[in-house]
Amino acid sequence: MDYTLLGDSGLNVSKYALGTIPFSGTNGFEAAGGMSQETADEMVDYALDQGINHFDTANLYAMGDAEKVLGRAIRDKRREMTIASKTGFRLSDNPNDVGATRINIEASIDRTLQRLNTDYLDLYYIHTWDGQVPVAETVQAMNDLIRKGKVRHWGVSNYSGWQLGKTHTYAAENGLIPPAAHQLYYTPEAREAEYELLPAGRELGIGNTIWSPLGEGLLTGKISRDEKAPPGTRQGEGWAEPYIKDKALLFDLVDLLKDIAARHNATVPQVVLAWMRERPNVDSVIIGARNMEQWRENVASYNLELNDEEVTQINDLTAPDAIYPFWHRAMNSMERASDPEKVYLESYNEIMENKDQEI
């Protein structure tokens, strides 16, 4: 297992991380999974045995129950683990029990630490952008948690490019600690993060951590043109996310992934994770599993190497369109591009060269 420093921080995290949404199927998260404490313990042990030190949770997951399961699974292994959690989504009718406000951040961290049975978090995220509170309040509150020793590093999740930039700029210009990480949704079916978020993270010194690389169950190989999501899976049990912008593209992608998997005697999830692992500007990939069989399978993808042709097939099929201002920059100022964005601009030029533009 490889490790990377997360952004400009000194926090070393493994390329793969264990996500805990399936740890507890309660409080509205029944479709996401649920497992015994024994299985959760085994998943943590196996992760550590394989060199995975990064564990991700949130107070939203089963309304805190997933944090409790992870907390019990820590046992005597805390120093081996890099633990991340999040706050920001509404959890109750209390008007202050939501958002990136100081009152919610300070109340949430204490509850999270109690559920996790730990004195500190290695990484604490604002789970979603809060346009109702000044950025200054959020940045200062997170810095205060670091000074108090409750949090070692902080991050944001599901931000847009300008929201990420605004947050980082406020911190940097006021002598405060900026976010060390940005957690974002990115899959071969949904590559919008390549427009701004992935290069922005690298440019700003903010590590890019990827949530749900299998598309919240879309890219397991169990769903195709001819196969509906089976019962007992997240998509088969009415999970609302994600937004699918092009079903035809999704099904074409699944067909391609199955073909590639067959060549390697692998599974569709393993192919997706092998592709994701090597994508530019990706620091850590958060992977969930419902049982030990899935978890072992997912971790084993770290040894799967796709060849250049297979990577190109996936890239070409799913390449994001060249939207403005990226087509303009790709067309006219490639020589002024920074390294984190060049790979994406090159792809836009290929798209434009191959598209009929004659009128």
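Residues numbered from 1 in each chain as written. Predicted model: local features only at pLDDT ≥ 70, side-chain atom pairs only at ≥ 80, totals over all residues. Heavy atoms only, no water.

## A short note on helix 4 (residues 135–147)
Part 1 of the reasoning: Here helix 4 spans 18 Å end to end across 13 residues, near enough to the 18 Å set by a 1.5 Å rise per residue.
Part 2 of the reasoning: Taken together, the buried positions of helix 4 are occupied by Val135, Thr138, Val139, Ala141, Met142, Asn143, Asp144, Leu145 and Ile146.
Part 3 of the reasoning: On its buried face, helix 4 sits against helix 3 (102–116), strand 6 (121–126), strand 7 (151–157) and helix 5 (161–173).
Part 4 of the reasoning: Residue Gly149 follows helix 4 closely and has a positive phi angle near 85°. (Helix = DSSP H or I, 4+ residues; strand = E, 2+ residues; numbered from the N terminus. Expected span 1.5 Å × (residues − 1). Buried < 20%, exposed > 50% of the residue type's maximum accessible area, 1.4 Å probe, protein only. Contact = heavy atoms within 4.5 Å.)

## Points about the environment of Ile223
Part 1 of the reasoning: Turning to its location among the elements, Ile223 is positioned in the loop between strand 9 (207–211) and helix 7 (247–264).
Part 2 of the reasoning: Taking C-alpha positions, Ile223 is 29 Å from His54, a pair spaced 169 residues apart along the chain.
Part 3 of the reasoning: Discounting chain neighbours no more than four positions away, the residues touching Ile223 are Gly217, Leu218, Ala229, Gln235, Phe251 and Val254.

## Structural notes on the pattern of salt bridges
When the charged atoms of two side chains with opposite charge come close together, those side chains can pair.
Part 1 of the reasoning: Per the counting criterion, the structure on display carries 28 salt bridges.
Part 2 of the reasoning: Salt-bridge contacts for Arg191 lead to Glu194; the nearest nitrogen and oxygen are separated by 2.9 Å. Per residue, the accessibility class of Arg191 equals that of Glu194, and both read buried.
Part 3 of the reasoning: Bridged by salt links that share partners, the residues Arg102, Glu106, Asp144, Arg147 and Lys148 form one connected network. (Salt bridge = Lys/Arg side-chain N within 4 Å of Asp/Glu carboxyl O.)

## Observations concerning empty space enclosed by the protein
Part 1 of the reasoning: Going through the model one piece at a time under the given rule, you end up with one cavity of 30 Å³ or more.
Part 2 of the reasoning: Lining the largest cavity, in full, are Ala100, Trp129, Asp130, Val133, Val135, Thr138, Tyr159 and Thr167.
Part 3 of the reasoning: For the lining of the largest cavity, the class distribution of residues is five nonpolar, two polar and one charged. (1 Å grid on protein atoms, 1.4 Å probe; cavity = no way out; pocket = protein on both sides within 12 Å on 5 of 7 lines; lining within 4 Å. Points joined across faces, edges and corners; volume = space filled by probe spheres on them. Nonpolar A, V, L, I, M, F, W, Y, C, P; charged D, E, K, R; others polar.)

## Topic: the sheet that holds strand 7
Part 1 of the reasoning: On the basis of which strands lie adjacent, the closed barrel formed by eight strands has the order 3-4-5-6-7-8-9-10 and parallel pairing. Going across the sheet, the axis of each strand differs from the next one's by a mean of 30°, ignoring polarity.
Part 2 of the reasoning: Here helix 9 (residues 292–300) sits on the sheet in contact with strand 3 (16–19) and strand 10 (284–287), set at roughly 160° to strand 3. (Pairing = 2+ DSSP bridges. Axes fitted to C-alpha atoms, helices over the stretch in contact; angles between N-to-C directions.)

## Here's the deal with unusual backbone geometry
Part 1 of the reasoning: In the segment running from Glu241 into Pro242, the intervening peptide bond is cis, with an omega of -5°.
Part 2 of the reasoning: Residue placement: Pro242 occurs in the loop between strand 9 and helix 7.
Part 3 of the reasoning: Cis rather than trans, the peptide bond between Tyr324 and Pro325 has omega equal to 5°.
Part 4 of the reasoning: One non-glycine residue, Asn27, lies in the positive phi region at around 55°.
Part 5 of the reasoning: Positionally, Asn27 belongs in the loop between strand 3 and helix 1 (37–49).

It is worth stressing that arrangement in space is one thing and function is another; only the former is reported here.
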